[in-house]
Amino acid sequence: GCTMKVHGYVYEAKIQMARLDDVLNKKDLAERLRAEAADLRERFHRYFWLPELTTYALALDGDKQPCRVRASNAGQCLFTGIVPKEHADSIIGLLTDPIFFSGWGIRTIAEGEVRYNPMSYHNGCIWPHDNALIAAGMSKYGRKDAAMQVLTGLFDASLFVDFRLPELFCGFSRRKGEGPTLY
């Protein structure tokens, strides 16, 4: 299957190429790319949005059925701008909820998912670069409060590792007086 964030990055690429084509005075190409991006955005939302989870499916499986996993990838979709404004707050609320937000950052998948493991590379740990993109996406949708929550968690984590965040750390909940659990 294809993951949700790939669609977001294709969408963003089309939007940015259209901006470049405007500068290069290639108006027809820019218009076509914007139309393709709008179509992709509509199809993405139609096939990936899971209202019962208030987020997007992690991916579509081989039969084009949604994989009903709450994943941080939805935050990267905020970063790319593919998320319609009316769903941004739902996603941001989910990502800042304790099932995702450990106090140090946002886990790759939510606590409670079948494969959740706070020590797993893809299934529950915290990736600082993922969190930085998510915070930028939150800010893009006007949610600087949520972005600051994420960035403050990362900054606080950096105090325990000489201000050099590792590629990832474990997704255990923050405990008073202790640093993040290194991977």
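Residues numbered from 1 in each chain as written. Predicted model: local features only at pLDDT ≥ 70, side-chain atom pairs only at ≥ 80, totals over all residues. Heavy atoms only, no water.

## Re the packing of helix α1 (residues 4-23) against helix α3 (residues 73-80)
Inclusion rule: Lines fitted to the C-alpha atoms define the axes, with helices restricted to the stretch that makes contact. Angles between their N-to-C directions range from 0 to 180 degrees. The helix count covers DSSP runs of H or I at least four residues long, the strand count covers runs of E at least two residues long, and both are numbered beginning at the N terminus. Roughly parallel covers angles under 35 degrees, roughly antiparallel covers those over 145, roughly perpendicular covers 65 to 115, and oblique covers all other angles. Here a residue-residue contact requires only that any non-hydrogen atoms of the pair lie within 4.5 Å. Gly is placed with the polar residues, together with every amino acid not listed as nonpolar (Ala, Val, Leu, Ile, Met, Phe, Trp, Tyr, Cys and Pro) or charged (Asp, Glu, Lys and Arg).
In contact at an axis separation of 8 Å, α1 and α3 are set at 5° when each is read in the N-to-C sense. Put simply, α1 runs roughly parallel to α3. Contact with α1, carried on its side by M4, K5, G8, Y9, Y11 and E12, involves N73, A74, Q76, C77, F79 and T80 of α3 and no other residues of that element. In terms of residue class, the contact of α1 with α3 is built from six nonpolar, four polar and two charged.

## Some remarks on the state of the cysteines
Here is the idea: a disulfide is a covalent bond, and it sits between the sulfur atoms of two cysteines. Which entries qualify depends on this criterion: Only a pair of cysteine sulfur atoms within 2.5 Å qualifies as a disulfide here. To sort residues, take the accessible area from a 1.4 Å probe on protein chains only and compare it with the maximum for the residue type: under 20% means buried, over 50% means exposed, and anything in between is partly exposed.
Tallied over the entire structure, the rule returns zero disulfides. The thiol of C125 is unpaired, and the distance to the nearest cysteine sulfur, on C170, comes to 7.4 Å. With relative accessibility at 0%, the residue C125 sits in the buried group.

## Some thoughts on a nonpolar patch on the surface
Selection criterion: Nonpolar side chains (Val, Leu, Ile, Met, Phe, Trp, Tyr) are joined into patches within 5 Å and like charges within 9 Å, using only residues with over 30% relative accessible area and no salt bridge. Each accessible area is a Shrake-Rupley result for a 1.4 Å probe, and residues are judged covered by the shown protein chains and nothing else. What counts as a salt bridge is simple: a side-chain nitrogen of Lys or Arg found within 4 Å of a carboxyl oxygen of Asp or Glu.
A surface patch of nonpolar side chains, amounting to about 390 Å² of accessible area, comprises M17, L20, V23 and L24. In this fold, L20 is placed in helix α1. Residue L20 is classed as partly exposed on the basis of its relative accessible area of 41%.

## Some thoughts on helix α2 (residues 27-48)
For clarity, the cut-off: In this analysis, the expected span of each helix is defined as 1.5 Å times one less than the number of residues it contains. This arc is taken over the directions from the axis of the helix to the C-beta atoms.
The end-to-end C-alpha distance of α2 is 31 Å, a good match for the 32 Å that 22 residues give at a rise of 1.5 Å each. Looking at α2, one finds that the buried residues are A30, L33, A37, L40, F44, H45 and F48. The arc that holds every buried residue of α2, seen down its axis, measures 125°, which confines them to one face. Exposed and facing more than 90 degrees away from the buried side of α2 are D28 and E31.

## Comments concerning the nonpolar core
Formally: Put simply, a nonpolar core is a bunch of buried Ala, Val, Leu, Ile, Met, Phe, Trp, Tyr and Cys residues held in one set by side-chain atoms that sit within 4.5 Å of each other.
Counting 32 residues, the largest nonpolar core has Y56, L78, V83, I91, I106 and M138 as its most contacted members. Going through the elements one at a time, α1, α2, β2 (49-50), α3, α4 (85-95), α5 (128-140) and α6 (144-158) are the ones with two or more residues in this core. M138 has contacts with L78, I92, L95, T96, I106, R143, A146, A147 and V150, leaving out every residue within four places of it along the chain. In terms of nonpolar packing, the next biggest core, distinct from the first, is built from five residues, I126, L154, A157 and F169 among them.

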